[in-house]
Amino acid sequence: MIYFDNASTTSVRPEVARVYKKLIDESFANADAMHTPGRKVHRQVEQAREHIARSLGVKEGEILFTSCASESNSLALVGYILANRQRGNHILTSNVEHSSTKHAIDFLESQGFEVERLPISEEGVVTPETVRSHMRKDTILVTLMHVNNEIGSINPIGRIADVVHEHPTCVFHSDCVQSFGKIDIPFDKLDMATISAHKIHGVKGSALLMKKSRIALHPIVFGGQQEQGLRGGTENAPANIVLAKTIRLALEEQKDTYAHVKEIRDFLVREISAFPGGHINSPKDALPYILNVSFDQLTSEVLLNALDERGICVSAKSTCDSRSSHASEVVLALNHSPKYAEQAIRLSFSKDNSLEEAKQFMKAMKEIVQNYGLSL
Ligand code: PLP
């Protein structure tokens, strides 16, 4: 199998899996229980929180464990608005956010908030100038992802945060799911940021929301005292504890993995650009981990299935939207071409991939084009 679908999810690192298994076996007590095993698990969770906070350069109390990035985004956006609604009525986001952000913002719009969805530039980003020109006195919240999950474009979130903070009553949240462990993130400038474990070779059901102490949130999952009373439910202690190791390893290997993945991406960009009918949708400066491409006369669905038959896993668009039949809205927003959007496929890479796999992918593409008798 060739697995080029790492933006969807990644393999679990064996060393993470080993620790996780041990924790499930040995650290199963409820972290809020007052007996000795419970206290021990509580200490382990708090140590993990401390390590993660240090890695991100934030305070320990600024890390909230959640079950997935979709939950973190929902808590950040809906939770912030519920706790701060008197601050304003205007929300800024983009037209290419992940569905978890998109649907949380749609919900807030249905509750009477005025939402503006900023367009992306030819490079696939929302510029700080665009944000500045849309900021208003009553803008309460700006949310923009760091790296786009379909095309890999990188929003300049540090500079955008500076623009947002020119308005003292507004806060900035960024979905950093596709950037964490791949490029540096300016956590010092962000009010809230979302990270998911399963995109960085961690376990599923594990994520976090970084939220600065000065930011007030309202819970969206009601329950007990867990996570500062902001997220009810018994702690998923093994997942939270092992997240510290997952994050440490991702950050330790960030530079080397980036170089490795870039070599694979650069090879494919050269090959696909020279391939008859091949087209690169991702912008030039995109993160090398995500490469969005189209091939003339092959719709996303046909190509995805033909590659799957050959043991090659790719996505047509975001996996969370994979069952909907419409073309990629992100590719459409980028180059305004329904043709490229209908033919778009996303190749996404990780430390597990090799240049040899990229060569096999190109070989498979030649076979597919021949089999379909396409005159490209
Ligand atoms: N945000 C982005 C940018 C993503 O790519 C994804 C996953 O596809 C998510 C959020 C949702 O992540 P999770 O599966 O942890 O809810």
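Residues numbered from 1 in each chain as written. Predicted model: local features only at pLDDT ≥ 70, side-chain atom pairs only at ≥ 80, totals over all residues. Heavy atoms only, no water.

**Quick look at the site of the ligand**
At step 1: The environment of the ligand is made up of 13 residues, and the closest members are Ser 70, Asp 175, Gln 178, Ser 196 and Lys 199.
At step 2: A distance of 2.8 Å separates an oxygen atom of the ligand from a polar atom in the side chain of Gln 178.
At step 3: Note that an oxygen atom of the ligand is positioned 2.7 Å from one of the side-chain N or O atoms of Ser 196.
At step 4: Here the ligand loses 92% of its free accessible area of 400 Å² to cover by the protein chains.
At step 5: Broken down by class, the residue content of the shell around the ligand amounts to four nonpolar, seven polar and two charged. (Near = heavy atom within 4 Å. Polar contact = N/O pair within 3.5 Å; in protein donor to acceptor, adjacent residues only side chain to side chain. Areas by Shrake-Rupley, 256 points an atom, 1.4 Å probe, with all protein chains shown as cover. Nonpolar A, V, L, I, M, F, W, Y, C, P; charged D, E, K, R; others polar.)

**Remarks on the sheet that holds strand 7 (residues 192–196)**
At step 1: A sheet is described by the order of its strands in space; here seven strands give the open sequence 2-8-7-6-5-3-4, paired in mixed fashion. Among the strands making up the open sheet, the edge pair consists of strand 2 (63–66) and strand 4 (114–118). Here the strands of the sheet are splayed against their neighbours by 20 degrees on average, with no regard to which way each runs.
At step 2: With five bridges connecting them, strand 3 (residues 90–94) and strand 4 associate as parallel partners. Within strand 4, the position partnered with Ser 94 by the bridge is Leu 118.
At step 3: On the sheet, helix 2 (residues 36–56) packs against strand 2, strand 7 and strand 8 (207–211) and is oriented at approximately 120 degrees with respect to strand 2. (Pairing = 2+ DSSP bridges. Helix = DSSP H or I, 4+ residues; strand = E, 2+ residues; numbered from the N terminus. Axes fitted to C-alpha atoms, helices over the stretch in contact; angles between N-to-C directions. Contact = heavy atoms within 4.5 Å.)

**Describing the domain arrangement of the chain**
At step 1: As far as domains go, the chain holds domain 1 (2–9 + 254–365) and domain 2 (14–252).
At step 2: The C-alpha-based centres of domain 1 and domain 2 are spaced at 27 Å.
At step 3: Surface buried jointly by domain 1 and domain 2 totals about 2300 Å² across both partners, of which 54% is contributed by carbon and sulfur atoms.
At step 4: For the domain 1 face of the interface with domain 2, the top three residues by lost area are Gln 254, Leu 287 and Val 330, together amounting to 31%.
At step 5: Seen at the junction of domain 1 and domain 2, the total is zero salt bridges. (Domains from an automatic or database assignment. Buried area = accessible area lost by both parts, 1.4 Å probe. Salt bridge = Lys/Arg side-chain N within 4 Å of Asp/Glu carboxyl O.)

**Section: the packing of aromatic side chains**
At step 1: Tallied over the full model, the rule gives five aromatic pairs.
At step 2: Considering the side-chain rings of Phe 4 and Phe 361, the 6.1 Å spacing of their centres and the 55 degrees angle between planes classify their relative orientation as tilted. Linking Phe 4 in the loop between strand 1 (2–3) and helix 1 (14–26) with Phe 361 in helix 11 (residues 355–371), this pair joins segments that are 357 residues apart in sequence.
At step 3: Judged by relative accessible area, Phe 4 falls into the buried class, the value being 0%.
At step 4: A connected cluster of aromatic rings, assembled from ring pairs, spans Phe 4, Phe 349 and Phe 361. (Phe/Tyr/Trp six-rings, centres within 6.5 Å; stacked < 30°, edge-to-face > 60°. Buried < 20%, exposed > 50% of the residue type's maximum accessible area, 1.4 Å probe, protein only.)

**Points about helix 6 (residues 157–164)**
At step 1: Helix 6 sits mainly inside the fold: six of its eight residues count as buried.
At step 2: Turning to helix 6, its buried residues are Ile 157, Gly 158, Ile 160, Ala 161, Val 163 and Val 164.
At step 3: Elements that come into contact with the buried residues of helix 6 comprise helix 5 (128–134), strand 5 (139–143) and strand 6 (171–175).

**Section: the pattern of salt bridges**
At step 1: A full pass over the atoms with the stated rule returns 24 salt bridges.
At step 2: Between Asp 25 and Lys 21 there is a salt bridge whose closest N-O contact spans 2.8 Å. Pair noted here: Asp 25 and Lys 21 are both in helix 1, with a separation of four residues, about one helical turn.
At step 3: For the salt bridge of Glu 235 with Arg 49, the shortest nitrogen-to-oxygen distance reads 4.0 Å. With a gap of 186 residues between them, Glu 235 in the loop between strand 8 and helix 7 (237–274) and Arg 49 in helix 2 connect regions that are remote in the sequence. Arg 49 matches Glu 235 in its accessibility class, with the two residues each being buried.
At step 4: One network of salt bridges, in which partners are shared, links Glu 46, Arg 49, Glu 227 and Glu 235.

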